[in-house]
Amino acid sequence: MDKNSYRHQQDLKNIEKIRELLEELPGFCKQYFLSLESRKSTNTRKNYAYDLLNFFHFLKEHNPYFEKREIHSLKVEELDLLSPMDIEEYMSYLQYYVRGQKQFTNSPEGRARKLSSLRTFYDYFLKKKMIQTNPARQVDVPKIKEHNIIRLEPNEVAELLDQTESGEKLTKKQLESHQKTKLRDVAILTLLLGTGIRVSECVGLNLNDVNFDDYSLKIIRKGGNEDLVFFGDEVADALFDYLENDRDFKTPVEGHEDALFISMKNMRLTTRSIERLVKKYTSGVTTLKRITPHKLRSTFGTNLYQETGDIYLVADTLGHKDVNTTRKHYAGMKEANKRKAAKALRLRENRPAPDSESVPNTKITPDTDHSSNEDIINQTN
């Protein structure tokens, strides 16, 4: 990996943070994190370290035995002192707690992830026969409710891009910098909507990652794997316009020379910068939806599924290793199915169905042909 690449620089920052967190964690944790180096990304390992430190802080603050012990001096065998009830108490605590002067909350998804971190942690020392039990395995995973997919409709996408170009609904202060960043911002939003790449993949792009010969991007996926993503004419036009009329006139600071998207300070944009950028422009779109960069990815994924009906194509394009992830987050065509169901039933025999071509002219009569009713219902589910 290129030592000057965005990915390499992020790995170095993560490694530095992991080492810092290990200074606070029990000494035996170092052995566990060494075992993760060949299997997990630096970002995942960093998140595990945060999760474990949070767990030990909870024990220190709420468990009578551990409140008398220093976290860093704990011994691995002391993990066997905890029961499933202790882990359940921790899960309850995670819903809402205060540390210092800051309040924290965790959704069911967040609590499930932290329980998974704890299970894996215990598994390692149980496998090494350094402890006898894994109480985290005896605790149920928090129930995760299915959420509606939030995405932009085609008219909202067009409105977002139009407003990004015009700056029509920006504040006076925002307009001061709009002319300097307009081409870059249009290119970023068009790229996110037209390819479905993640924000981390977007900020990691270098100039030589863009190939206009075959309309492709070379990106680094989650986990560090390299992949090719292809784009269409609209994305190509937006990128070319930005490169020819904006990026080529910039002089990035040292270490940021290769970055595709740079800030007004001539440094590579961060994920936080793009989150703010999306929030700025979507605030002017006529919608009650809270749009984030990930919702732009959802918009792309759902639109691609609507156009192709190919869940495996969508999974491959989005870089999902498991097609069930795609099916869960992007291909839940609930709204479309509900609209179809609304058109399937006729309330008056003598009036045509809303869509006579797509809905068969089936007469529904109570207490006669029950199988036909069931067939229609099954078609809409």
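Every chain begins its residue count from 1, and numbering advances along the sequence as written. Totals for whole chains, interfaces and linings use all residues, but because this is a predicted model, local features are given only for residues with pLDDT of at least 70 and pairs of side-chain atoms are given and counted only at 80 or more. Values shown for side chains rest on all heavy atoms present in the structure; no hydrogens or waters enter the calculation.

Caption draft 1: A look at the overall build of the chain. Of regular secondary structure, the chain possesses 15 helices and five strands. In the chain, which comprises 381 residues, the proportion classed as buried is 42%. Any two residues having at least one pair of non-hydrogen atoms within 4.5 Å are treated as being in contact. For the chain, contacts bridging at least 24 residues in sequence account for 59% of all contacts bridging at least 6. Of the roughly 22,900 Å² that the chain leaves accessible, carbon and sulfur atoms contribute 48%. By the criteria applied, helices consist of DSSP H or I runs no shorter than four residues and strands consist of E runs no shorter than two, each listed in order from the N terminus. Think of it in three bands: with a 1.4 Å probe and only protein chains considered, a residue is buried below 20% of the maximum accessible area for its type, exposed above 50%, and partly exposed in between. In this description, accessible areas are obtained by the Shrake-Rupley approach with a 1.4 Å probe, and a residue is regarded as covered only by the protein chains that are shown.

Caption draft 2: Looking closely at the packing of helix H7 (residues 172-195) against helix H9 (residues 233-245). Contact geometry for H7 and H9: axes closest at 9 Å, N-to-C directions at 155°. The angle between the axes of H7 and H9 places the two elements in the roughly antiparallel class. In this structure, H7 meets H9 at a crossing whose hand is left-handed. Contact residues: H7 offers Leu-183, Arg-184, Val-186, Ala-187, Thr-190, Leu-191 and Gly-194, while H9 offers Glu-234, Val-235, Ala-238, Leu-239, Asp-241, Tyr-242 and Asn-245. Taken together, the residues of the contact of H7 with H9 break down into eight nonpolar, three polar and three charged. Fitted lines through C-alpha atoms give the axes, limited to the stretch in contact for helices. The angle between two N-to-C directions lies from 0 to 180 degrees. Oblique is the label for every angle not falling under 35 degrees (roughly parallel), over 145 degrees (roughly antiparallel), or within 65 to 115 degrees (roughly perpendicular). Note on convention: near helix rotated counterclockwise from far helix by under a right angle means a left-handed crossing. Clockwise means right-handed. Ten residues, namely Ala, Val, Leu, Ile, Met, Phe, Trp, Tyr, Cys and Pro, are considered nonpolar, four, namely Asp, Glu, Lys and Arg, are considered charged, and the remaining ones, Gly among them, are considered polar.

Caption draft 3: Broad picture of the environment of Glu-275. Among the secondary structure elements, Glu-275 is positioned in helix H10 (residues 271-282). Taking the C-alpha atoms as reference, Glu-275 lies 8.3 Å from Val-199; in sequence the two are 76 residues apart.

Caption draft 4: Main features of the packing of aromatic side chains. Aromatic rings from Phe, Tyr and Trp, taking only the six-membered ring of Trp, are treated as a pair when their centres fall within 6.5 Å; an angle between ring planes under 30 degrees marks them as stacked, one over 60 as edge-to-face, and anything in between as tilted. Taken as a whole and judged by the stated rule, the model has 22 aromatic pairs. Centroid distance Tyr-93 to Tyr-97: 4.6 Å. Interplanar angle 20°. Geometry classified as stacked. Considered together, Tyr-93 and Tyr-97 belong to a single accessibility category, that of buried residues.

Caption draft 5: Layout of unusual backbone geometry. At Tyr-215, a position not held by glycine, the phi torsion is positive, near 55°. In this fold, Tyr-215 is placed in the loop between strand S3 (210-211) and strand S4 (216-220). Classification of Tyr-215 by relative accessible area gives partly exposed; the value is 28%. Although it is not a glycine, Asn-266 adopts a positive phi angle of roughly 65°. In this structure, Asn-266 sits in the loop between H9 and H10.

Caption draft 6: Quick look at the sheet that holds strand S5 (residues 226-230). Between any two strands, pairing holds if DSSP finds at least two bridges. If you walk across this open sheet you meet the three strands as S3-S4-S5, and the pairing is antiparallel. Two strands in the sheet have a free side with no partner beyond their single neighbour: S3 and S5. Where S3 meets S4, two bridges bridge the pair, whose relative direction is antiparallel. Counted as the bridge partner of Val-210 is Leu-217 from S4.

Caption draft 7: Local environment of the layout of surface pockets. Here a cavity denotes a set of grid points, spaced 1 Å apart and computed over the protein atoms alone, in which a 1.4 Å probe fits but from which it cannot get out, and a pocket denotes an open set meeting protein on both sides within 12 Å along at least five of seven lines; residues with an atom within 4 Å of a point are reported as lining. Grid points are joined across faces, edges and corners, and a volume is the space filled by probe spheres set on the points. Approximately 430 Å³ is the volume attributed to the second largest pocket. Taken together, 15 residues make up the lining of the second largest pocket; nearest its centre are Ser-177, Arg-184, Ser-273, Arg-276 and Lys-280. Elements supplying a minimum of two residues to the lining of the second largest pocket: H7 and H10. Take the lining of the second largest pocket: its biggest share by element is six residues, from H7. Looking at the lining of the second largest pocket residue by residue, the classes come out as four nonpolar, five polar and six charged.

Caption draft 8: Molecular detail of the pattern of salt bridges. We define a salt bridge as a contact between a side-chain nitrogen of Lys or Arg and a carboxyl oxygen of Asp or Glu at a distance within 4 Å. Enumeration according to the criterion identifies 14 salt bridges in this entry. For Asp-227, the salt bridge goes to Arg-221, with nearest N and O atoms at 3.1 Å. Judged by its relative accessible area of 26%, Asp-227 is partly exposed. Ionic pairing is found between Arg-272 and Glu-275, a salt bridge with its closest N-O pair at 3.3 Å. With a gap of three residues between them, Arg-272 and Glu-275 both fall in helix H10, about one helical turn apart. Counted as one network, the salt bridges with shared partners bring together Arg-198, Glu-201, Arg-221 and Asp-227.

Caption draft 9: Representation of empty space enclosed by the protein within the structure. Counted under the stated rule, the structure contains three cavities of 30 Å³ or more. Contributing to the lining of the largest cavity are Lys-180, Thr-181, Arg-184, Tyr-242, Asp-246, Lys-250, Ile-262, Ser-263 and Met-264. Take the lining of the largest cavity: its biggest share by element is three residues, from H7. When its residues are assigned to classes, the lining of the largest cavity shows three nonpolar, two polar and four charged.

Caption draft 10: Up close: the nonpolar core. Here, nonpolar core refers to any group of buried Ala, Val, Leu, Ile, Met, Phe, Trp, Tyr and Cys residues whose side-chain atoms link them within 4.5 Å. Leu-191, Phe-261, Ile-274 and Leu-296 are the most contacted members of the largest nonpolar core, which totals 41 residues. Residues contacting Phe-261, with those up to four places away along its chain left out, are Arg-184, Ala-187, Ile-188, Leu-191, Cys-202, Leu-205, Leu-239, Tyr-242, Met-267, Arg-268 and Leu-269.

Caption draft 11: Region of interest: the confidence of the model for the chain. Values of pLDDT, which run from 0 to 100, indicate the predictor's confidence residue by residue. For the chain, the average pLDDT comes to 86, and 84% of its residues sit at 70 or higher. Note that pLDDT drops below 50 for residues 356-381; the model gives that stretch 15 contacts with residues more than four away or on any other chain.

Caption draft 12: Up close: a positive patch on the surface. There is a patch of like positive charges on the surface, built from Arg-39, Lys-40, Lys-127, Lys-128 and Lys-321. By the secondary structure assignment, Lys-40 is in the loop between helix H2 (29-36) and helix H3 (42-62). Candidates for patches are residues over 30% relative accessible area with no salt bridge; among them, like charges are joined within 9 Å and nonpolar side chains (Val, Leu, Ile, Met, Phe, Trp, Tyr) within 5 Å. Positive charges are assigned to Lys and Arg, negative charges to Asp and Glu, while His and the chain termini are left out of the count. Note that the charge is assigned to NZ on lysines, CZ on arginines, CG on aspartates and CD on glutamates.

Caption draft 13: The pairing of S5, seen in detail. In terms of strand pairing, S4 meets S5 through five bridges, oriented antiparallel. Bridge pairing links Ser-216 to Phe-230 in S5. Where S4 folds back on S5, the antiparallel hairpin that results is connected by five residues, among which Gly-223 adopts a positive phi of roughly 95°.

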